[in-house]
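Listed here are the chains, written in short residue letters.
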Amino acid sequence: MTVSMEKIPHPRSVVWREDRLLLLDQRRLPTETVYLELTTPEEVREAIVKLAVRGAPAIGTAAAFGMYLGVKDIPDVDAGRFWSTLRRVGENLRSARPTAVNLAWALERIRRRLETLKERPVSELKAALLAEAHEIQREDADMCRKIGEHLLTLLEDGMGVLTHCNAGGLATAAYGTALAPLYLAKERGWHLRVFADETRPVLQGARLTAYELQQAGIDVTLICDNMAAAVMQKGWVQAVIVGTDRVAANGDVANKIGTYGLAVLAKAHGIPFYVAAPTSSIDLQTATGADIPIEERPAEEVTRGFGAVTAPEGVQVYNPAFDVTPAELVTAIITEHGVIRPPFGPGLQEAVQRSQG
Ligand code: MRU
C-alpha cells in the first residue's frame, strides 16, 4: 500500500532530492519551516545529535541516506575503499544517539542488503544502497498507516486521548505511529479530543505535536506535563497513546522521559495505555528494559532551554532523554501487524518474524 503524501498536512521531515538530504529543522518549529541541505554523513550525524531530525523512525531514515552520502563519490574501481568507508560511516552514524534502535536497525538492514551483493560492481552497490534507503522510508510510511488502522479499532468516536512527546508525521515518514489513528479518525469524520503533553525539557509536545495536529484541524489541547494527572482525574482521557524508541523482548518500552510516569497515572485511573511500535523499533536482542541504553543530554536543555536562564549557575542537573515503562503497565503494543496483548514476548517475536518475510 502506498501512502498518499498529499494527505499529510505538515511538511515532510526527511526528503531526498538531487543527491542531497533535506532535513526539516525541527528545532525551528513551530515558527519557521526551514530545511537543512546536507551533503556529508558528518552533517547528518550532527543533525541527529542536535535534534534537527528526531523521532526514532525519522532518525533511522536520515541515517540510511547519510550512509549513501558517505559512499556516493567513491570511484567505481575502488571496491576496497567502498567497503571500508561503509563500515566507518556506519559506526559513526550509529553512535549518534544510543536509545532509538531504529538507527542501528536501518544501518544493519543496509549492511545485510549489500552483503547479498558482495561481488557486484561498486556502481551497483551504491544504487542498491540508495534504493534501500528509499525503501526504508516508504515502508515506514506504510507501517504507520497500518499501525493507525489497528489502533483505531481500540478507540471510539468522542474519546479523549492523551499523548506524550511527538510520535507523529514529523517523527516518521508520514502519519506517525501514536498520532496515526488520530489522522485516520479525522478522515472518518470522528471527533477525538487530544491532550498533548508539553514534554519537558525540549518541548516536542508543544512545538511539534500541537503544531502538526493543529495544522490537521484536530481538536488538540496543550498541557504541561504536570497537568496530566488532573486531566485524567476530571475524566477527560479514555486512552493514552505513545510511541517508542525501543521495545525490549519482554515488552518493556523505552520512550521519551515522562512516559513511565504517565503509564503509572493511567494505571491509577484505569485508563488503557497503548504503545504504537513499528517492528523497526522492536529489539529482540535486548531482553528487558534494564538493558536499554538511556541517553543523557546536556544540562543546558534544562537550565536554559530556549534562551532564558531558569536555574542557578552551576546547579547539578540530571537530564535523561528517555525512561523505561515496565511491560506490566502497558495495555497493548500495536505494530503494523496488529494488536499485541500481554504477555508480550511471543507476540513481539511473531511480529518481527512476519516483518522479515
Ligand atoms: O528525543 P526525541 O525527540 O528523538 O524522542 C522521540 C520520542 O521519544 C518518540 O516518542 C519516539 O521516538 C517515537 S517516534 C514515532
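Computed from a predicted model, the values in this text were never measured in an experiment.

**Q** Would you mind going over the overall build of the protein in detail, with residue names and values included?
**A** Assigned secondary structure in the protein consists of eleven helices and 14 strands. Relative to its length of 357 residues, the protein is compact, with a C-alpha radius of gyration of 20 Å against a globular reference of 21 Å. Its C-alpha atoms give the protein principal-axis dimensions of about 70 × 50 × 40 Å. Buried residues in the protein amount to 56% of all 357 residues. Considering only intrachain contacts with a sequence separation of at least 6, the fraction spanning at least 24 residues in the protein is 75%. Carbon and sulfur atoms make up 50% of the accessible area of the protein, which totals about 15000 Å². Computed over 38 positive and 44 negative side-chain charges, the inter-centroid distance for the protein is 1 Å.

**Q** An account of the site of the ligand is needed here, citing residue identities and associated values.
**A** Residues in contact with the ligand amount to 17 residues; listed here are only the nearest, Arg54, Arg97, Asp245, Asn255 and Lys256. Between the ligand and Ala56 there is a distance of 2.9 Å, counted from an oxygen atom to a backbone nitrogen or oxygen. Burial of the ligand by the protein chains amounts to 99% of its free accessible area of 420 Å². Elements with a minimum of two residues in the shell around the ligand: α2 (56-71) and β9 (253-256). In terms of residue class, the shell around the ligand is made up of six nonpolar, seven polar and four charged. Here the shell around the ligand gathers at least three residues from each of two domains, domain 1 (5-144) and domain 2 (145-355).

**Q** Summarise the domain arrangement of the protein; cite the residues concerned and give the values.
**A** Looking at the assigned domains, one finds that the protein contains domain 1 (5-144) and domain 2 (145-355). Put simply, the middle of domain 1 and the middle of domain 2, counted by C-alpha atoms, are 24 Å apart. The interface is formed by 35 residues belonging to domain 1 together with 45 residues belonging to domain 2. Taken as a group, Thr99, Met143 and Cys144 account for 23% of the area that domain 1 buries against domain 2, more than any other trio of residues on that side. The partner of Arg97 in a salt bridge is Glu295, and the shortest N-O contact between them spans 2.9 Å. Scanning the region where domain 1 abuts domain 2 turns up 27 residue pairs in polar contact (both at pLDDT 80 or more). Partitioning the side of domain 1 that touches domain 2 into residue classes produces 19 nonpolar, eight polar and eight charged.

**Q** Which residues make up the pattern of salt bridges, and what values do they have?
**A** Pairing between side chains of opposite charge can happen when their charged atoms approach one another. Evaluated as defined, the whole model comprises 24 salt bridges. Across the pair Lys50 and Glu46 runs a salt bridge, and its minimum N-O distance is 2.9 Å. Residue class for Glu46 comes out partly exposed when judged on its relative accessible area of 42%. Ionic pairing is found between Arg145 and Glu149, a salt bridge with its closest N-O pair at 3.2 Å. Of this pair, Arg145 and Glu149 are both found in helix α5 (residues 122-152), four residues apart, which corresponds to roughly one turn of the helix. Residue Glu149 is classed as partly exposed on the basis of its relative accessible area, which comes to 33%.

**Q** Just give me the short version of the UniProt feature "binding site: substrate" (unreviewed entry) in the protein, but keep the residues and values in it.
**A** In this numbering, the UniProt entry assigns the feature "binding site: substrate" (unreviewed entry) to Arg54, Gly55, Ala56, Arg97, Gln204, Asn255 and Lys256. With respect to the element layout, Gly55 can be found in the loop between α1 (41-49) and α2. Given a relative accessible area of 11%, Gly55 falls into the buried group.

**Q** Please give an account of the sheet that holds strand β12 (residues 322-325) that cites residues and values.
**A** Neighbouring strands of a sheet are bound in pairs by backbone hydrogen bonds; such pairs are parallel or else antiparallel. Sheet architecture is open: four strands sit in the order β11-β8-β9-β12, paired in mixed fashion. Each edge of the open sheet is held by one strand with a lone partner, namely β11 (282-283) and β12. Two strands pair when backbone bridges link them, and β9 and β12 are joined in this way by four bridges, in the antiparallel orientation. Each residue of the ladder has a partner; that of Asn255, found in β12, is Asp323.

**Q** Which residues make up the packing of aromatic side chains, and what values do they have?
**A** In this structure the tally under the stated criterion is five aromatic pairs. Look at Phe82 and Trp83: their rings are 5.5 Å apart centre to centre, the planes differ by 90°, and that puts the pair in the edge-to-face class. Accessibility classification places Phe82 together with Trp83 in one group, the buried group. Over the ring of Phe322 we find Lys256; its NZ or CZ atom is 4.3 Å from the centre of that ring.

Procedures and definitions
Residues numbered from 1 in each chain as written. Predicted model: local features only at pLDDT ≥ 70, side-chain atom pairs only at ≥ 80, totals over all residues. Heavy atoms only, no water. Helix = DSSP H or I, 4+ residues; strand = E, 2+ residues; numbered from the N terminus. Rg over C-alpha atoms; globule rule 2.2 N^0.38 Å. Buried < 20%, exposed > 50% of the residue type's maximum accessible area, 1.4 Å probe, protein only. Contact = heavy atoms within 4.5 Å. Areas by Shrake-Rupley, 256 points an atom, 1.4 Å probe, with all protein chains shown as cover. Lys, Arg positive; Asp, Glu negative; His and termini not counted. Charge placed at Lys NZ, Arg CZ, Asp CG, Glu CD. Near = heavy atom within 4 Å. Polar contact = N/O pair within 3.5 Å; in protein donor to acceptor, adjacent residues only side chain to side chain. Nonpolar A, V, L, I, M, F, W, Y, C, P; charged D, E, K, R; others polar. Domains from an automatic or database assignment. Buried area = accessible area lost by both parts, 1.4 Å probe. Salt bridge = Lys/Arg side-chain N within 4 Å of Asp/Glu carboxyl O. UniProt positions renumbered as here; feature names shortened; annotations may be inferred. Pairing = 2+ DSSP bridges. Phe/Tyr/Trp six-rings, centres within 6.5 Å; stacked < 30°, edge-to-face > 60°. Lys NZ or Arg CZ within 6 Å of the ring centre and 35° of its normal.

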